[in-house]
Amino acid sequence: MNNKNILLVEGESDRGLLEALCKKWHIPVGQVKVCTPRDAGHAKNSKQAVWAVLPIYLAQLADGQIEKLALVIDADTPPDGGVAVTLSQLQRQLGKHGYKRVADEAAPGQLFTHADGLPDVGVWIMPNNTDSGMVEDWLKACMHPNESDLMRHVQQAIANLPGGPKFKPLHQSKAEIATWLAWQAKPGHGLYNAVQPGLLDDKAPLLVALRDWLARMYASAHVVA
């Protein structure tokens, strides 16, 4: 098994989804290992933990222990998050190790290159590298049109909860996706359940963009639509 291609994510729910998508897109998990901060020895999984363990993976990239590295992280929301804040954090963290962001308007995602010729580092900022949000917002954007009526019902049900929602407004999409998944023919709460047949639109622009980004980052892996 070749685990020299690393995809670093924030936590277990992200790992489950990305592994399911890799399987769907015929990217063997043996070729691309989806890792969380805990896999690098951190006490917990989170976006901040990603920054903490990133130097470990960059060092492994520099000495050849791993060959390719990419990250999937949430943009989150202002004032503590958002794309601008996340990009600034990325540039600061990767800049410490000699990486600089390069613009590629023709391709989705972020790309960081090294002047000494070390392997590039790719980053996908959920949901779409432009807007605030998280992986659940990506799922909403990629939902199959046949699921639209159910999602509207989910949103109405959440809006009419007795006493109002207990969760913070920034977690609205999390609550919507969790409820949507719980109301499926095979109810489940893990994000990987969204990859059940018929739930996502294989032609959704944002789904295609992420698939193509993964194909570009891990060109040695076989990817099909």
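As the structure is a computational prediction, the values presented were derived from the model and not from experiment.

Asker: What am I meant to see in the nonpolar core here?
Answerer: A general trend in soluble globular proteins is that nonpolar side chains are found buried together. Among the nonpolar cores identified, the biggest contains 41 residues, and Leu-7, Trp-138, Trp-180, Leu-210, Trp-213 and Leu-214 are the most heavily contacted of them. Where this core is concerned, the elements lending two or more residues are strand S1 (5-9), helix H1 (12-24), strand S3 (68-74), strand S6 (121-126), helix H4 (135-141), helix H5 (148-159), helix H6 (172-182) and helix H7 (205-217). Residues Leu-58, Leu-61, Ile-73 and Leu-90 belong to the second largest nonpolar core, which totals 24 residues.

Asker: Hey, could you run me through the environment of Val-32 in this one?
Answerer: With respect to the helices and strands, Val-32 occurs in the loop between H1 and strand S2 (33-35). For Val-32, a relative accessible area of 1% puts it in the buried group. It is 25 Å that separates the C-alpha atoms of Val-32 and Met-143, two residues lying 111 residues apart in sequence. Those residues in contact with Val-32, other than ones at most four positions away along the chain, are Asn-5, Leu-7, Ile-27 and Tyr-218.

Asker: Would you mind going over the packing of H5 against H6 with me for this structure?
Answerer: To describe two helices that pack against each other, one gives the angle between their axes and the distance between the axes. It is at 9 Å that the axes of H5 and H6 come closest, and there the two elements cross at 120°. In terms of orientation, H5 and H6 fall into the oblique class. Classified by chirality, the crossing of H6 by H5 is right-handed. Residues Leu-150, Met-151, Val-154, Gln-155 and Ile-158 of H5 lie in contact with H6, whose contacting residues are Gln-172, Ala-175, Glu-176, Ile-177, Thr-179 and Trp-180. Considered class by class, the residues forming the contact of H5 with H6 number seven nonpolar, three polar and one charged.

Asker: Help me understand the confidence of the model for the protein, please; the structure alone is not making it clear to me.
Answerer: Atomic detail in the predicted coordinates should be set aside for any region of low pLDDT. Summary statistics for the protein give a mean pLDDT of 93 and a share of 95% for residues scoring 70 or more. The element-level mean pLDDT for the protein is lowest in H7, coming to 94, with H4 highest at 98. Overall, residues 221-225 carries pLDDT values under 50, and its contacts beyond four positions in sequence, including any with other chains, amount to 15 contacts.

Asker: Quick question: what am I supposed to make of the sheet that holds S2 here?
Answerer: The strands making up a sheet associate through backbone hydrogen bonding, with each pair oriented either parallel or antiparallel. Ordered in space as S2-S1-S3-S6-S5-S4, the six strands form an open sheet in which the pairing is mixed. Of all strands in the sheet, those with a lone pairing partner are S2 and strand S4 (99-102), marking the two edges. Direction aside, neighbouring strands of the sheet carry axes that sit 25° apart on average. Pairing analysis gives four bridges linking S4 to strand S5 (residues 110-114), with the strands arranged antiparallel. When the bridges of S5 are listed, Arg-101 appears paired with Phe-112. Helix-sheet contacts for helix H3 (residues 83-95) involve S3, S4, S5 and S6, and the interaxial angle to S6 is about 160°.

Asker: So what exactly am I meant to see when it comes to the environment of Trp-51 here?
Answerer: Secondary-structure assignment places Trp-51 in helix H2 (residues 47-62). Exposure remark for Trp-51: the relative accessible area of 6% places this residue in the buried category. For the pair Trp-51 and Glu-10, spaced 41 residues apart in sequence, the C-alpha to C-alpha distance is 9.8 Å. Setting aside its immediate chain neighbours within four residues, Trp-51 contacts Ile-73, Gln-89, Leu-90 and Gln-93.

Asker: Where do I start with the pairing of S6 in this structure?
Answerer: Within a regular strand, side chains alternate between the sheet's two faces. Burial within S6 is extensive, with six of its six residues counted as buried. Of the two faces of S6, the one holding Val-121, Val-123 and Ile-125 and the one holding Gly-122, Trp-124 and Met-126 are both buried throughout. Both S3 and S6 contribute to a ladder of six bridges, which runs parallel. Across the sheet, residue Ile-73 finds its bridge partner in S6, namely Ile-125. Taken together, the three bridges between S5 and S6 define a ladder with antiparallel strand orientation. By the bridge assignment for S6, Phe-112 is matched with Val-121. Counting the residues between successive antiparallel strands, the hairpin from S5 to S6 contains six residues, one of them, Gly-117, with a positive phi of roughly 85°.

The rules behind each value
- Along each chain, numbering runs from 1 in the same order as the chain's sequence is written.
- Residues qualify for local features only when their pLDDT is at least 70, as the model is predicted, and side-chain atom pairs are given and counted only at 80 or more; totals for whole chains, interfaces and linings, by contrast, use all residues.
- As a convention, hydrogens and water are excluded, and side-chain values are obtained from all of the structure's heavy atoms.
- For our purposes a nonpolar core is just a set of buried Ala, Val, Leu, Ile, Met, Phe, Trp, Tyr and Cys residues, chained together by side-chain atoms within 4.5 Å.
- Categorising residues by exposure relies on relative accessible area from a 1.4 Å probe, with only protein chains included: less than 20% of the type maximum marks a residue as buried, more than 50% marks it as exposed, and the intermediate range marks it as partly exposed.
- A run of DSSP states H or I qualifies as a helix once it reaches four residues; a run of E qualifies as a strand once it reaches two. Both are numbered from the N-terminal end.
- Contacts are assigned to residue pairs that have any heavy atoms within 4.5 Å of one another.
- All axes here are fitted lines through C-alpha atoms, helices being fitted over the stretch that makes contact, and every angle between N-to-C directions spans 0 to 180 degrees.
- Reported orientations rely on four angle classes, namely roughly parallel under 35 degrees, roughly antiparallel over 145, roughly perpendicular from 65 to 115, and oblique for the rest.
- In this scheme the handedness of a crossing depends on how the near helix is turned from the far one: anticlockwise by less than a right angle means left-handed, clockwise means right-handed.
- All amino acids are sorted into three groups, where Ala, Val, Leu, Ile, Met, Phe, Trp, Tyr, Cys and Pro are nonpolar, Asp, Glu, Lys and Arg are charged, and the leftover types, Gly among them, are polar.
- Residue-level confidence of the predictor, termed pLDDT, takes values from 0 up to 100.
- Think of it this way: DSSP has to see at least two bridges between two strands before they count as a pair.

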